Amino acid sequence: MEEDRFSCVESPAICLRPSYDDILMLWLTAILAAHDTVAQKNFDPVLPPLPDEVDDELEEESVKIVRLVKNKEPLGATIRRDEVTGAVLVARIMRGGAADRSGLVHVGDELREVNGNLIIHKRPDEISQILSQSQGSITLKIIPAVAEEYRLKESKVYLRALFDYTPFEDKATPCQEAGLPFKRGDILQVVSQDDATWWQAKRVGDSNLRAALIPSTQFQERNLHSPHTPSLLTLPLSPSGLRRSFCLSRKDRQGSPGEPRIPDSALLDFLIYEEVTRYQPHPSERPRLVVLIGSLGARINELKQKVIAENPCHFGVAVPHTTRAKKSHEREGVEYNFITKQAFEADIQSNIFIEYGEYKDHFYGTSLEAIRSVLDRNKICLVDVQPEALKILWTAEFKPYVIFVKPRIHESHCKRHGSSSSLSVGITEEDLQEMRQSAVLMGERYGHLVDRVLVKEDLASACVELRDILQRVETEVHWVPIGWARTT
Ligand code: 5GP
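All of these numbers come straight from a predicted model, not from anything done at the bench.

This brings us to the pattern of salt bridges. Where charged atoms of side chains with opposite charge meet at close range, the side chains can pair. According to the stated counting rule, one finds 21 salt bridges in the structure shown. The partner of Arg299 in a salt bridge is Glu302, and the shortest N-O contact between them spans 3.5 Å. For Glu302, a relative accessible area of 32% gives the class partly exposed. Ionic pairing is found between Asp384 and Lys304, a salt bridge with its closest N-O pair at 2.7 Å. Highlighted residues: Asp384 in strand 19 (residues 380–384) and Lys304 in helix 9 (residues 300–310), separated in sequence by 80 residues. Residue Lys304 is classed as buried on the basis of its relative accessible area, which comes to 4%. Connected through salt bridges with shared partners, the residues Arg286, Glu369, Arg372, Asp376 and Glu397 form a single ionic network.

The subject of this paragraph is the sheet that holds strand 19. The 5 strands are arranged 14-19-13-20-21 in an open sheet whose pairing can be described as parallel. Two strands bound the open sheet, and with one partner strand each, they are strand 14 (315–317) and strand 21 (452–456). Geometrically, the sheet is characterised by an average inter-axis angle of 30 degrees between neighbouring strands, direction not taken into account. In the packing of helix 14 (residues 429–446) onto the sheet, the strands contacted are strand 13 (290–294) and strand 20 (401–407), and the crossing angle to strand 20 comes to about 160 degrees. The strands touched by helix 15 (residues 459–475) are strand 13, strand 14, strand 19, strand 20 and strand 21; relative to strand 21, the strand with the most contacts, the crossing angle is about 165 degrees.

With glycine set apart, most residues show a phi of negative sign, and most peptide bonds adopt trans. For Arg299, which is not glycine, the phi torsion reads 50 degrees and is therefore positive. Positive phi, normally seen in glycine, also occurs at Asn351, with a value near 55 degrees. When you line up the elements, Asn351 lands in the loop between helix 10 (341–349) and strand 17 (353–359).

Let us look at the sheet that holds strand 12 (residues 273–279). Taken together, the 6 strands give an open sheet; going across it, the order is 11-10-9-8-12-22, and neighbouring strands pair in antiparallel fashion. Each edge of the sheet is formed by a strand with only one pairing partner; in this case those strands are strand 11 (212–215) and strand 22 (478–481). For this sheet the average axis-to-axis angle between neighbouring strands, irrespective of direction, equals 55 degrees.

Moving on: the pairing of strand 7 (residues 137–143). Along strand 7, 6 of the 7 residues are buried, which leaves the element largely enclosed by surrounding structure. In the sheet, strand 5 (residues 110–114) pairs with strand 7 via 4 bridges, with the strands oriented antiparallel. Bridged to Val114 within strand 7 is Leu140.

Now for the nonpolar core. Of all hydrophobic cores here, the largest spans 23 residues; its most connected members are Leu289, Val291, Ile293, Ile371, Cys381, Val383 and Leu393. Residue assignment for this core shows that the elements contributing at least two residues are strand 13, helix 11 (368–376), strand 19, helix 12 (390–393), strand 20 and helix 14. Looking at this core, the element that brings in the most residues is helix 11, giving 5 residues. With residues up to four places along the chain from it excluded, the contact list for Cys381 reads Leu289, Val290, Gly316, Ala318, Ile371, Val374 and Leu375. In terms of nonpolar packing, the next biggest core, distinct from the first, is built from 22 residues, Ala178, Leu180, Trp198 and Ile214 among them.

The rules behind each value
- Residues numbered from 1 in each chain as written.
- Predicted model: local features only at pLDDT ≥ 70, side-chain atom pairs only at ≥ 80, totals over all residues.
- Heavy atoms only, no water.
- Salt bridge = Lys/Arg side-chain N within 4 Å of Asp/Glu carboxyl O.
- Buried < 20%, exposed > 50% of the residue type's maximum accessible area, 1.4 Å probe, protein only.
- Helix = DSSP H or I, 4+ residues; strand = E, 2+ residues; numbered from the N terminus.
- Pairing = 2+ DSSP bridges.
- Axes fitted to C-alpha atoms, helices over the stretch in contact; angles between N-to-C directions.
- Contact = heavy atoms within 4.5 Å.
- Core = buried A, V, L, I, M, F, W, Y, C linked by side-chain atoms within 4.5 Å.

Written as structure tokens, this is what we have:
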């Protein structure tokens, strides 16, 4: 790619200063707003006059002369050499950057001179040096691009990043300095998708108004499939290596359900970006479903039960189905929905369960209808599931808010056991190692679906934190997949 070789010639210390009128405006504003600035004579440098002589050839091509004044801000543009003509062209203008704000430099403009030096035969590093060494003002001679298609179109697309990106480790980027580093889970506002391979984006929440480059979905997909890149699509994870007793999050679920019905790969496709939008819960709508997933030792069922028991009018639990006999103290539809084995098997065939399993020759399972019936009563429904169940719950109907609970494991836990931690006394270093591993693997595999991580120190403090999260889910604006937004 030509651009690769000629990119990053933007000076880190140059800003565009378009006209005397603009400077006058700035001064007037400054005078009105801040007498002290004026009193200290803290003005920007005065621009020298524009050069009188413009060579004939350039005149014929309607040359534009742009005067820049140095500042700490970068110019916010990259250049490339045209493969056919050899001309040095402006490749990109970063949204919100100095070049963009000036409105005087555009993508496709041909750069002829920098401070009177012809640059057509110069190497990119030489051009870069001229730009960075210029003090005070800098003059560019430009042949403006004619085509309107070069103008950047405004786009307001928000994406949740599903992978970490470090431009300085990316050999494919056209300009490492112009890249936007981000972490999985960051929300990116994409301001330009004009280029098929490199989009321009800002991180939501950043005070920096300048856009920077991120790989497009298409480009990243190609990268992921390259034999040299470790693929996110093949993340190694299976909890099967973990001891069974720790695989089941419920205290006494050993030997019960467990085998996920959903192929794991379904949750791992396209880990690049997800288009999102802001979602404000509305009292007229059903509450969002709250899904707890937990790594080994998190004991999320206990946490869920405690929060629900503290305020049963506000929170509800989906009543499971079982094929075992009703005990004397139990009531139909309260502890369980009691059904026959045949009925349960028919329900499995009809896919009514988000998860089910077998324990002591009896089936147990939670149905979608059980969840709906809690939400229909306008209660917050908390479910604790194996993360595979998210595939079924990941719908506009449920708008799941996913909380990943993992136990806090102190380095010296074995020595300190019995302290405030909720982990059991007598737990071995091997157990702790499995728990750590489980949390890491679960984070790697399902982190992109998680809205919030709750590190559980002990049951009481985790309850306080969970209640606070639940209150925010009900009242605050959150980012959700674009398809979940209200269509009315
Ligand atoms: P019990 O018969 O003593 O009420 O419950 C026996 C086992 O079934 C417990 O380990 C309990 O956690 C598990 N269990 C209860 N409800 C469900 C459910 O909806 N799904 C699954 N997979 N297991 C459940």
